[in-house]
Amino acid sequence: MDDQFKKWAPKFIVVGIFLSPLLLISPKTYITLTISGLAMGMLLFLVASGFSLIFGFLSVLNLAHGALFTWGAYIGFSAFTLMNKWTGWGGSDSIFSNIAIFLLALIVAGLLVAILGIITERLVIRPVYGSHLFQIFITVGAMTVMEELIRIVWGPNDEVMPVPLSFMGSWDLFDVVVSKYPLIAIIIGFILYLAIFTILKKTKLGTIVRAGVENPEMVQVMGHNIYRYFTGVFAVGSALAAIGGGMWATFVKSIHPAMGGEVIIFALIVAIIGGLGSMTGSVVGALLVGLSYNYVAYLVPKAALGITMLLLVIILSIRPTGLFPEGT
Amino acid sequence: MNPVQQFRSTEKKARFRSPSFFLRIILLAFFIFTPLLFRSFEVLDVVLKIIIFSALVASYDVILGYTGIVSLGHVLYFGIGSYFVGIFMGKLGWISYSHLALSFLIAIVISGILSVLIGLFSLRIRAIFFAMVTLAFMEFAFILSSQLRSITGGDDGISFKLPGILAVDYNLGRFLGIEFTGRMVSYYLILIVSVILFLLMLRFVHSPVGRVLQSIRDNEPRSIALGYRTYLFQVIASSFASCIAAVTGGCYAIWVCYVSPDSSLNVSIMVDVLLMVIVGGMGTLYGSIYGAAFLMITRAFLPKLQVLIASILPGVPMATRLSERWLFYFGLLFIIIVYFFPKGIVGTVQEFFSRKKNN
């Protein structure tokens with residue numbers, strides 16, 4: 001009896017905390033807020049997972065991640081606008097062509113930013129593996145350069161992000177307002193999480209990468225070029241940042257060159273809360289941050305950011321290595 | 001006499017004869033005579049910003065170069081310092097010397113407490129967490145300062161007047177053909193404060209505590225084995241540097257008579273400080289002066305360069321766009337310096353001379 005209670009108590013506490021806003025918010029608003037919180041969480045997960053992946057596997061604190069995120073948003077924007085000009089899929093009524101053009105834009109953004117990530121890793125980060133101090137300097141430099149490149153290429157002003165026609169508006173399910181885009185974001189985020197998790201845990205590739213973290217020399221002895229895998233992980237992390245950027249831009253419907261810096265702070269907090277290098281940790285951390293942010297933003301708008309910092313402080317004082325420290 | 005004492009006594013004897021000592025005296029003399037030599041406000045402004053940022057960068061160097069931990073939120077304390085002066089002088093309108101001193105005191109105390117708290121819960125596990133947590137806190141403070149309109153004035157910031165002889169329009173009268181204004185009084189006040197801060201920091205890094213900090217930087221496991229609680233020493237260094245940063249922030253607010261999130265809490269200031277440290281060289285307090293001078297002077301000349309480029313290449317939009325984005329070149333410079341001169345200007349020059357001496 002007592003053991004059972006101990007086993008389930010933490011879960012009840014977590015569920016209780018997330019149901020507690022029901023005391024202050026009406027159930028219908030609560031569901032709407034929960035959905036937008038989950039969507040925000042999934043978008044944060046995309047950014048944070050790339051950051052966390054790179055830190056966990058390469059032990060590189062990549063402060064240029066925010067710039068890669070912005071690049072993803074801008075390339076997604078350009079790809080969407082161009083393809084919409086050719087095909088007109090973005091403005092059509094058919095939900096399939098809407099989804100097709102959206103996914104295509106995301107894929108283009110992901111691929112191009114992955115290439116950018118590979119270039120960055122090869123040119124800039126590879127010479128400073130192992131020294132956190134120089135990594136921080138170099139990635140700050142890379143961040144500045146990439147952000148300024150955006151201002152040179154696309155200009156320094158805000159742009160309006162085009163949104164496919166059928167993504168706008170909301171459904172009305174039993175008097176509960178459910179916006180369409182957040183649901184799509186949740187689904188895409190969850191699929192990506194499952195994909196990364198499976199690759200890391202179930203395939204040979206994932207095993208090699210995880211082994212490379214534990215003991216790089218041994219993996220090299222086995223005949224695998226570890227640096228090639230590191231470049232690959234960096235490319236995947238960059239692509240995740242880019243997809244996150246494109247989806248975030250569609251979520252807030254605007255892009256500007258400094259957007260990466262604002263979101264990267266959330267990603268940092270999520271990655272620390274979840275445990276650096278842990279995918280499950282990133283998901284849990286991102287959902288925690290997204291949900292609590294949305295509830296508090298509805299109740300006390302000014303304290304929304306404060307709750308995120310409070311979460312960070314509480315979790316770091318209870319579990320200094322994050323919620324899932326083992327890199328799972 | 002043990003080797004350490006021997007080394008110290010030879011160092012003490014050579015102290016007043018080394019070329020770098022004369023260089024320092026010349027620099028100080030330059031700072032003292034600048035307002036008398038140059039009549040234009042622009043020059044004075046650049047020189048004063050060099051002075052303030054030298055102190056700020058030196059305080060950052062105490063954490064980075066002497067203790068070996070990376071903070072990315074050092075500008076937070078700079079912002080706290082300037083915001084307290086701004087709120088006391090501007091929002092509350094308590095324009096008097098005692099309230100100015102009080103605002104500095106409160107800023108120092110709050111910075112100290114905050115940095116101890118941040119250090120206590122983020123330095124405990126891995127030093128790398130400290131970098132991320134401090135960055136998060138700085139961004140938090142930045143957003144807070146632009147949201148709390150009733151206290152901080154939001155994005156517009158607060159502009160304020162200073163008491164008595166520090167006020168911009170105050171005139172002391174002419175002396176030896178030179179007009180002494182409130183600007184000059186605040187220039188000298190800030191110079192004196194910065195020199196005191198600099199001496200304090202020198203004393204700190206050469207004190208027994210400072211030696212322990214350097215041993216932690218060079219070999220942490222060994223200092224733990226010697227019985228030092230390295231984590232407490234790191235917290236001490238970080239809070240000391242934060243208090244200094246708060247004072248420099250207050251000085252900056254006194255000079256520009258204005259605070260806003262962009263002018264005193266932005267991440268871009270942090271990037272500037274990092275660049276100054278890198279240019280000047282880590283672990284050399286004096287290097288911060290050269291780093292700050294380099295960046296501030298380039299900053300001051302860049303607009304003129306921009307005009308020049310626009311006049312040479314008229315009608316080429318890409319050229320003007322490229323010349324506008326000077327931060328881009330700073331970023332490139334950043335990477336290049338980290339690659340080729342990881343010790344910075346002062347570090348590289350020192351290495352050059354010591355190699356010459358040995359040959």
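Quick caveat: nothing in here was measured; it's all calculated off a predicted structure.

Points about the overall build of chain B
Phase 1: Helix and strand counts for chain B stand at 17 helices and four strands.
Phase 2: The C-alpha atoms of chain B give 22 Å as radius of gyration, which agrees with the globular expectation for 359 residues (21 Å, within 12%).
Phase 3: Out of the 359 residues in chain B, the part that is buried amounts to 44%.
Phase 4: Looking at chain B alone, contacts between residues at least 24 apart form 76% of all its contacts between residues at least 6 apart.

A short note on the overall build of chain A
Phase 1: Along the backbone of chain A there are 12 helices and four strands.
Phase 2: Its C-alpha radius of gyration of 20 Å places chain A within 12% of the 20 Å reference for a compact globule of 328 residues.
Phase 3: Put simply, chain A has 328 residues, and 47% of those count as buried.
Phase 4: Within chain A, contacts between residues at least 6 apart in sequence are counted, and of these 77% link residues at least 24 apart.

Quick word on the nonpolar core
Residue and element names in this part refer to chain A.
Phase 1: One finds Leu44, Ala267 and Leu268 to be the most contacted residues of the largest nonpolar core, which totals 200 residues.
Phase 2: Of the residues forming this core, the biggest block, 17 residues, is contributed by helix α2 (residues 27-58).
Phase 3: In this structure, Ala267 is in contact with Leu44, Val47, Ala48, Phe51 and His65, ignoring residues within four places of it in sequence.

Some points on the interface of chain B and chain A
Phase 1: At the junction of the two partners, chain B supplies 31 residues and chain A supplies 32 residues.
Phase 2: Where the side of chain B that touches chain A is concerned, the elements lending two or more residues are α5 (97-122), α6 (127-147), α13 (267-280), α15 (317-324) and α16 (326-340) of chain B.
Phase 3: Looking at the side of chain B that touches chain A, the element that brings in the most residues is α6 of chain B, giving 10 residues.
Phase 4: Residue composition of the side of chain B that touches chain A, grouped by class: 24 nonpolar, three polar and four charged.

Comments concerning the environment of Ser145 of chain B
All names here are of chain B.
Phase 1: On the secondary structure map, Ser145 appears in helix α6.
Phase 2: Look at Ser145 and you get buried, because 24 C-beta atoms sit within 10 Å.
Phase 3: A C-alpha to C-alpha distance of 9.5 Å links Ser145 and Gly79, two positions 66 residues apart in sequence.
Phase 4: Aside from chain neighbours lying at most four places away, what touches Ser145 is Tyr83, Thr152, Pro261 and Leu265.

A few points about the environment of Leu205 of chain A
Phase 1: Inspection of the secondary structure assignment puts Leu205 of chain A in helix α7 (residues 204-214).
Phase 2: As a C-alpha pair, Leu205 of chain A and Val252 of chain A span 47 residues in sequence and 36 Å in three-dimensional space.

Considerations on the confidence of the model for chain B
Phase 1: On average, residues of chain B score 84 in pLDDT, and 94% of them reach the 70 mark or higher.
Phase 2: Of the two predicted TM-score estimates for the complex, the pTM is 0.86 and the ipTM is 0.82.

Topic: the packing of helix α3 (residues 41-67) of chain B against helix α11 (residues 230-256) of chain B
All names here are of chain B.
Phase 1: With their axes 9 Å apart at the nearest point, α3 and α11 run at an angle of 170° to one another. By the angle class used here, α3 and α11 are roughly antiparallel. Packed against α3, whose contacting residues are Leu48, Ile52, Ala55, Leu56, Ser59, Tyr60, Val62, Ile63 and Thr67, the element α11 presents Gln234, Ala237, Ser238, Phe240, Ala241, Ile244, Ala245, Thr248, Cys251, Tyr252 and Trp255 at the interface.
Phase 2: In the contact of α3 with α11, the residues fall into 15 nonpolar, five polar and no charged.

Some points on unusual backbone geometry
Glycine aside, a negative phi is what most residues show, and trans is what most peptide bonds show.
Phase 1: Of note, the phi angle at Ser59 of chain A is positive, near 55°, even though the residue is not glycine.
Phase 2: Mapped onto the secondary structure, Ser59 of chain A falls in the loop between α2 and α3 (65-87).
Phase 3: On the neighbour-count criterion, Ser59 of chain A (16 C-beta atoms within 10 Å) is partly exposed.
Phase 4: For Cys257 of chain B, which is not a glycine, the phi torsion comes out positive at approximately 55°.
Phase 5: Mapped onto the secondary structure, Cys257 of chain B falls in the loop between α11 and β4 (258-259).
Phase 6: Residue Cys257 of chain B is classed as partly exposed on the basis of its C-beta count, with 19 C-beta atoms lying within 10 Å.

Here is what the cut-offs are and how they apply
- Per-chain numbering applies: the sequence of each chain, read as written, is numbered from 1 onward.
- Chain labels run from A onward and ligand labels from 1 onward, assigned in the order the entries are written.
- Two thresholds apply to this predicted model, a pLDDT of at least 70 for residue-level local features and 80 or more for giving and counting side-chain atom pairs, whereas whole-chain, interface and lining totals are computed over all residues.
- Starting at the N terminus, helices and strands are each numbered in turn, a helix being any DSSP run of H or I of at least four residues and a strand any DSSP run of E of at least two.
- Radius of gyration here uses only the C-alpha atoms, and the compact-globule reference equals 2.2 Å multiplied by the residue count raised to the power 0.38.
- We call a residue exposed when 12 or fewer other C-beta atoms sit within 10 Å of its C-beta, buried when the count reaches 20 or more, and partly exposed for counts in between; the C-beta positions come from the backbone.
- For every residue pair, C-beta atoms are placed from the backbone, and the pair is scored as a contact if these atoms sit within 7 Å.
- The nonpolar core is taken to be a set of buried Ala, Val, Leu, Ile, Met, Phe, Trp, Tyr and Cys residues joined by way of C-beta atoms within 7 Å.
- Gly counts as polar in this scheme, as do all residues outside two lists: the nonpolar Ala, Val, Leu, Ile, Met, Phe, Trp, Tyr, Cys and Pro, and the charged Asp, Glu, Lys and Arg.
- Within a predicted model, pLDDT stands for the predictor's per-residue confidence, ranging from 0 to 100.
- Here, axes are lines fitted to C-alpha atoms. For helices the fit covers the stretch in contact, and angles between N-to-C directions go from 0 to 180 degrees.
- Geometric relationships in this document are graded by angle, where less than 35 degrees denotes roughly parallel, more than 145 denotes roughly antiparallel, 65 to 115 denotes roughly perpendicular, and other angles denote oblique.

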